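The lines below spell out each chain.
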Amino acid sequence: MEAGSPKTVTLRFKGLPQSRSARITIVDKEHGSPLPAYEKLGHPASPTPSQVDALRKAAALPVARQHAITNGSLTIELQPHALALIEVSK
């Protein structure tokens, strides 16, 4: 079971025009992390070429999603052990 609970994070930006958006890529245990696949493979010390391919596929970054920045504020929810790459357009 995953330790922790989801967290809501709000970022506030100063000096942005009203019509801004952000591209957000979130990496968590279901998106962009090879760890669950590695565990499912039994933690191989020397993965086979097909296992390496499976791990690379599991580690592929998910597609970034557009989110509106409303009144200079952006709110996202992150699962335990997740991270977010946030790109704000100029």
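Caption draft 1: Main features of the sheet that holds strand 3 (residues 65-69). Taken in spatial order, the 3 strands of this open sheet run 3-2-5, and their pairing is antiparallel. What marks the edges here is a single partner per strand, and that holds for strand 3 and strand 5 (83-88). In this sheet, neighbouring strand axes are inclined to one another by 35° on average, regardless of whether the strands run parallel or antiparallel. Both strand 2 (residues 20-27) and strand 3 contribute to a ladder of 5 bridges, which runs antiparallel. What sits directly across from Ala 22, in strand 3, is His 67.

Caption draft 2: Quick peek at the pairing of strand 2. With 6 bridges connecting them, strand 2 and strand 5 associate as antiparallel partners. For Ala 22, the partnering residue across the bridge sits in strand 5 and is Val 88.

Calculation criteria
- Residues numbered from 1 in each chain as written.
- Predicted model: local features only at pLDDT ≥ 70, side-chain atom pairs only at ≥ 80, totals over all residues.
- Heavy atoms only, no water.
- Pairing = 2+ DSSP bridges.
- Helix = DSSP H or I, 4+ residues; strand = E, 2+ residues; numbered from the N terminus.
- Axes fitted to C-alpha atoms, helices over the stretch in contact; angles between N-to-C directions.

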